[in-house]
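One-letter residues, chain by chain:
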Amino acid sequence: MGIPGKTLSFFTAGGLLLQAAPVLAQQTGQAGANQSRIQVTSELVLVNVVAHDKKGNLVRDLKKGDFTLLEDGKKQDISTFDFENVDEPATAGAAEATISGAAGPGTLLRSSKKAAPSLDARDRRLILLFFDFSAMDPEQIERSVDAAKKFVDTKMQPADLMALVSLATNMRVDLDFTDDKTKLLAALTAYNSGQGQGFENGSSGSAEGAAETSGAFSADDTDFNTFSADRKLLALQSLMQALGRLPQKKSLIYFSNGISQSGVDNQSALRATTAAAVKANVAIYSLDIRGLQAFPPGGEAQSASLHGQSAYSGASVLNDLSGNAASQETLAALSSDTGGKAFFDSNDFSGVFSQVQKDSSAYYVLGFTSNNPLKDGKFRRLKVQVNRPDLKLDFRAGYYAGRDFEHLNRADREQQLEDELDAQLPRVDVPLYAGAAYFRRDDAHYYLAVSLVIPGSQIPFVTEKEKDNATIDIIGEALGGGKLRVGQLRDTVKLAVESTQQVRRKNVQYNTGFVLAPGSYHLKFVIRENQTGRMGSFETDVQIPDLRKMPLKMSSVVLSSLRAPVTNKKNGANPLVRDQLELVPSITHVFTPDQHLYLQYEVYDAAKGKNPAPAAAASQNGTAKDAPAAKPPKDSIRVFTSIEFLQGATKIYESKPVVANEVTAPERKAVIFQMDLPLQALKPGLYLCQVNVIDDVAGSFSFPRLPLLIREAVPAAASKTGD
């Protein structure tokens, strides 16, 4: 299942199809009751500042006017100022109070993205313990859990709110923020030494210095190591989305045995994680749970002897030291860039907890909006000064600026489309709507023809080489039962026209299709114009019936006012393409009297039998014949069809009947009807188009109805002026 190919044509020369039909209802049918998204971009940057005097005591009496904030050497206006005094007994709260406890509705980490957190964190210390069990051995797991239990049992203060998150085969929120020691100790006790599930880094492909395991070769696990590092960083990044909903400082203690980067492959994930933490006001305190390590030349006692001569030349010790330093480098970067601290090479793990409590006992929160308007994603250095020379200030070194569409690289732009495809709310920056029709290929597969329509006035063009050019990115998917992706689409289409005026008065239409089995599907499409980066989305549910259960097996009815030449030879699966012409579906069903109405539909498995001679017949393409048709042979089919236009209970028009006596597409057992009806005889107005189909041999019938609007034609003079 998937996409057999797309159909692209253009009114002049390019990638999409232009139609003159107006947009009647932009975004109609789009996910039913789905609400539109209102985008609010927050440019406020928060900086936590801890002030100490010469004796190391916390300073709590500073005011907003005492601070000066610089970004890349330029002074910034401090727009918000707050002082968090966690040690104040009057606001610390009782020790037995439970803020979240059972992590019910309204908690921070487990609440939905749209729900506001009900956690009151004013003058509270927020500590998140993140246990990365994915690469730990049983001894390291026990060591990290024991250190956390000891802190909770002996050092936890009444103002402390703690949460537990673990990463093994997947990431879990084991306990939301609470100050209930009993629940915290119970959750920590539930961790066991079997949490680690084989995500340790592998070798880099060299046998020198590796343990002798009698293997025929040494596998190169570089790609796996890259994935493993990204996995850890993305887990951290996902936590920041929940933590960012509270303005107070959050401290994340990261229990890890190192993150080894593979060259520059993991730099993007590291940078994204750091930026997310800074934006969410989270300081990461990295704790290397391996503690103080020794690297003997022959390797550790639990390992086999080493290959080669590295054990005798000192190379193995150098490699171990280099690998250990590399795995700690990422942890150090996470801590230094987010305002936290890293704790390495020590078997006493209590220091990290004491440092967190010290750094968040009393601190100032300065907020500012940068006077640098560029959204280039570059690192901006921060410096905080105070008008008292005897004070020492602790604050983070800087932050990464956001990036607008112009500064996104290719990978980020692709990720933007993927993220929007997974988003719960629609994008309405660019109006988009779609229509679908199904045709049978065989008993188990159907071709679902899909058309996307964008108002031409919504597409900005740039002039290049005497033509107006634009680029549109399109991504889409078809989801089956259980949200399983059964079809997908990704395309970039370039438009090039002589003048944008012809585009602005018309619609841009993109036609594609999926090959699917009968069933219920959810379709979603996202488009992005690449001049400003504006996006639009459309989603809807479609039903492909199992025609084997129908008395009359019939496809959808497609209405159109245009047949376009086909240049793409890979459209053999599209039933709307016949004789190098494609019937372009009209999604709005809006026509003018000077146009032709083209209809196409199919009847499958028509019954065969002895047919009486018809009194009159018509050709299958819809052009009536007055002379009687020849008597059909025995055991042939006999399918009648005609078109009616209704207004209320009044029949305004009925075409002459068309009869088919033979199968048009034997490979699909389909009788194809293509009707051509001039509309000049009909007055402008709203009609109900009824398609009458009768299988005379089987005695079965169907009368599908479709709404249709005929509007007055735009005068030629007005069309030229753009009215």
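Residues numbered from 1 in each chain as written. Predicted model: local features only at pLDDT ≥ 70, side-chain atom pairs only at ≥ 80, totals over all residues. Heavy atoms only, no water.

1. Some thoughts on the overall build of the chain
Where we set the bar: Only DSSP runs of H or I covering at least 4 residues are called helices, and only runs of E covering at least 2 are called strands; the numbering of each starts at the N terminus. Buried, partly exposed and exposed residues are distinguished by accessible area as a fraction of the type maximum, computed with a 1.4 Å probe on protein chains only: under 20%, between the cut-offs, and over 50%, respectively.
Helix and strand counts for the chain stand at 11 helices and 37 strands. For the chain, buried positions account for 48% of its 723 residues.

2. Considerations on the pairing of strand E30 (residues 596-604)
Operational definition: Note: two strands are recorded as paired if DSSP finds a minimum of 2 bridges between them.
Counting buried residues in E30 gives eight out of nine residues, a clear majority hidden from the surface. Pairing of strand E25 (residues 553-554) with E30 involves two bridges; the strand directions are antiparallel. Bridge pairing links Lys553 to Tyr604 in E30. Bridge count between strand E26 (residues 558-565) and E30: three bridges; the pairing is antiparallel. Its bridge partner being in E30, Ser560 is matched across the sheet by Tyr598. Bridge count between E30 and strand E34 (residues 670-678): nine bridges; the pairing is antiparallel. The residue of E34 that forms the bridge with His596 is Pro678.

3. Examining the environment of Leu552
Under the convention used in this document: Only heavy atoms matter for contacts: two residues are in contact if any of them lie within 4.5 Å across the pair.
Its place among the elements puts Leu552 in the loop between strand E24 (535-544) and E25. With 52 residues separating them in the primary sequence, Leu552 and Tyr604 have C-alpha atoms 7.8 Å apart. Leave out the neighbours within four places in its chain, and Leu552 touches Val603, Val693, Asp695, Ser700, Phe701 and Ser702.

4. Regarding the pattern of salt bridges
To keep things clear, this is the line we draw: Between Lys or Arg on one side and Asp or Glu on the other, a salt bridge is scored when a side-chain nitrogen of the former is within 4 Å of a carboxyl oxygen of the latter.
Evaluation of the coordinates by the stated rule reveals 22 salt bridges. Of the charged contacts in the structure, one is a salt bridge between Asp132 and Lys232, with a shortest N-O distance of 3.0 Å. With a gap of 100 residues between them, Asp132 in strand E7 (residues 125-132) and Lys232 in helix H4 (residues 222-243) connect regions that are remote in the sequence. As far as burial versus exposure is concerned, Asp132 and Lys232 are alike and both buried.

5. Quick look at the packing of helix H2 (residues 138-154) against helix H3 (residues 181-189)
The cut-off we apply is this: Only the stretch in contact is used when a helix axis is fitted, and all axes are lines through C-alpha atoms; the angle between N-to-C directions ranges over 0 to 180 degrees. Angles are sorted into four bins: roughly parallel if under 35 degrees, roughly antiparallel if over 145, roughly perpendicular if 65 to 115, and oblique for all others. The nonpolar class holds Ala, Val, Leu, Ile, Met, Phe, Trp, Tyr, Cys and Pro. Asp, Glu, Lys and Arg form the charged class, and all remaining residues, Gly among them, are polar.
One can describe the packing of H2 onto H3 by two numbers: an axis separation of 10 Å at closest approach and a directional angle of 170°. As judged from the angle between their axes, H2 and H3 are roughly antiparallel. Contacts from Val145, Ala148, Lys149, Val152 and Asp153 in H2 reach Lys181, Leu184, Leu185, Leu188 and Thr189 in H3. Classifying every residue of the contact of H2 with H3 by side-chain character gives six nonpolar, one polar and three charged.

6. Here's the deal with the nonpolar core
Selection criterion: By nonpolar core we mean a set of buried residues, namely Ala, Val, Leu, Ile, Met, Phe, Trp, Tyr and Cys, connected to one another through side-chain atoms within 4.5 Å.
One finds Leu448, Leu452, Ile459, Ile474, Leu516, Leu523 and Phe525 to be the most contacted residues of the largest nonpolar core, which totals 48 residues. A per-element tally of this core places strand E18 (residues 445-455) first, with eight residues. If near-sequence neighbours (up to four positions away) are discounted, Phe525 is found in contact with Leu432, Val450, Leu452, Ile475, Gly476, Leu489, Phe514, Gly536, Ser537 and Phe538. Within the second largest apolar cluster, 33 residues are counted, among which are Leu119, Leu161, Ala229 and Leu246.

7. What about the sheet that holds strand E14 (residues 379-386)?
The strand order across the open sheet built from four strands is E5-E4-E14-E16, with neighbouring strands paired in antiparallel fashion. Because the sheet does not close on itself, it has two edges, and the strands there are strand E5 (74-76) and strand E16 (398-400). When the angles between neighbouring strand axes are averaged without regard to direction, this sheet yields 35°.

8. Here's the deal with the pairing of strand E13 (residues 362-369)
Burial analysis of E13 places seven of its eight residues in the buried class, the great majority of the element. Note: strand E3 (residues 44-52) against E13, six bridges, orientation antiparallel. When the bridges of E13 are listed, Val45 appears paired with Phe368. Strand direction decides the pairing type here: strand E6 (residues 78-85) and E13, joined by seven bridges, are antiparallel.

9. Concerning unusual backbone geometry
Unlike most non-glycine residues, Asp72 shows phi in positive territory, near 50°. With respect to the secondary-structure elements, Asp72 resides in the loop between strand E4 (67-71) and E5. Here Asp72 falls in the partly exposed class, since its relative accessible area comes to 42%. For Lys669, which is not glycine, the phi dihedral falls at a positive 55°. Looking at the secondary structure, you find Lys669 in the loop between strand E33 (658-660) and E34.

10. Digging into the environment of His52
With respect to the secondary-structure elements, His52 resides in strand E3. The exposure class assigned to His52 is buried, which follows from its relative accessible area of 7%. Along the chain, His52 and Lys392 lie 340 residues apart, while their C-alpha atoms are 5.2 Å from each other.

11. Thoughts on the confidence of the model for the chain
Defined as follows: pLDDT measures how confident the predictor is about each residue, on a scale from 0 to 100.
Averaged over every residue, the pLDDT of the chain is 78; the share at 70 or more is 73%. A low-confidence stretch, residues 7-16 stays under pLDDT 50, and its non-local contacts, those more than four residues away or across chains, total 40 contacts. Note on residues 615-628: pLDDT under 50 across the span, and 28 contacts to partners over four residues away in sequence or across chains.

12. Let's talk about the sheet that holds strand E11 (residues 282-288)
Within a beta sheet, neighbouring strands are joined by backbone hydrogen bonds and run either parallel or antiparallel to one another. Spatially, the six strands line up as an open sheet ordered E9-E8-E7-E10-E11-E12, and their pairing is mixed. At either end of the open sheet lies a strand with only one pairing partner, and these are strand E9 (171-178) and strand E12 (342-343). By the bridge criterion, eight bridges tie E7 to strand E8 (residues 160-167) in an arrangement that is parallel. Along E8, the bridge assignment pairs Phe131 with Ser166. Each of E7, E8 and strand E10 (250-256) touches H2; the most contacted strand, E7, lies at about 160° to it.

13. Focus: the side chain of Glu529
Relative to the elements of secondary structure, Glu529 occurs in strand E23 (residues 519-529). Overall, Glu529 belongs to the buried group, its relative accessible area being 3%. The residues touching Glu529, leaving out its near neighbours within four places in the chain, are Val430, Pro460, Thr471 and Arg534.

14. Notes on the environment of Tyr687
Convention followed: Polar contacts here mean pairs of N or O atoms no more than 3.5 Å apart (in protein, one a potential hydrogen donor and the other a potential acceptor; neighbouring residues in sequence count only if both atoms are side-chain atoms).
Along the polypeptide, Tyr687 turns up in strand E35 (residues 685-695). Look at Tyr687 and you get buried, because its relative accessible area is 4%. Along the chain, Tyr687 and Leu706 lie 19 residues apart, while their C-alpha atoms are 8.5 Å from each other. Separated by 2.6 Å, the side chain of Tyr687 and the backbone oxygen of Lys683 make a polar contact.

15. Focus on H3
Here is the rule: The directions considered for the arc run from the helix axis to the C-beta atoms.
Within the sequence span of H3, burial applies to Leu184, Ala187 and Leu188. Relative to the axis of H3, the buried residues are bounded by an arc of 100° and lie together on one face. Turned more than 90 degrees from where H3 packs its buried face, Thr182 and Thr189 sit exposed. In the core, the buried residues of H3 are packed alongside E7, H2, E8 and E9. Capping the start of H3, Asp180 holds a side-chain oxygen 3.0 Å from the backbone nitrogen of Thr182, two or three residues further along.

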